[in-house]
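Observations on the three-dimensional arrangement
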Amino acid sequence: MPTYEPGDFIKVEFADETTRVGEWMWVQVRRCDDARQIVFGTLDNVPIDDTSGKLKLGTELAVSFSQIRGHRKTSEFDRGD
């Protein structure tokens, strides 16, 4: 079972409710509940699709393990600095 630590980044797929087309976004982990398979964190990029203000940079989220498509430690994530 994967464990995600505070500061890690996870790539999460968010499916559009109408079209079912997904958009992948990075979330920075704040904490992880392995028993419930949920990661709590904040959105770390600006959505491309119009989300009607539901999702924006810094939005706090609870993400199911089933939505996670990638994982990087902070040291592995190139933030373009």
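Residues numbered from 1 in each chain as written. Predicted model: local features only at pLDDT ≥ 70, side-chain atom pairs only at ≥ 80, totals over all residues. Heavy atoms only, no water.

By the secondary structure assignment, Asp8 is in the segment before strand S1 (9–15). We classify Asp8 as buried; its relative accessible area is 3%. Here Lys73 takes part through its side chain, which lies 3.2 Å from a polar atom of the side chain of Asp8. Ignoring sequence-local partners within four residues, the contact set of Asp8 consists of Val27, Gln28, Val29, His71, Arg72, Lys73 and Thr74. (Helix = DSSP H or I, 4+ residues; strand = E, 2+ residues; numbered from the N terminus. Buried < 20%, exposed > 50% of the residue type's maximum accessible area, 1.4 Å probe, protein only. Polar contact = N/O pair within 3.5 Å; in protein donor to acceptor, adjacent residues only side chain to side chain. Contact = heavy atoms within 4.5 Å.)

Next up on the list: the sheet that holds S1. Reading across from one edge, S4-S3-S2-S1-S5 is the order of the 5 strands in this open sheet, with antiparallel pairing throughout. Looking along the sheet, the strands with just one partner apiece sit at the ends: strand S4 (60–64) and strand S5 (68–72). Strand after strand, the sheet turns through a mean of 40 degrees between neighbouring axes, direction not considered. Pairing geometry for S1 and S5, over 4 bridges, is antiparallel. Each bridged residue has a counterpart across the sheet, and for Lys11 the counterpart in S5 is Gly70. (Pairing = 2+ DSSP bridges. Axes fitted to C-alpha atoms, helices over the stretch in contact; angles between N-to-C directions.)

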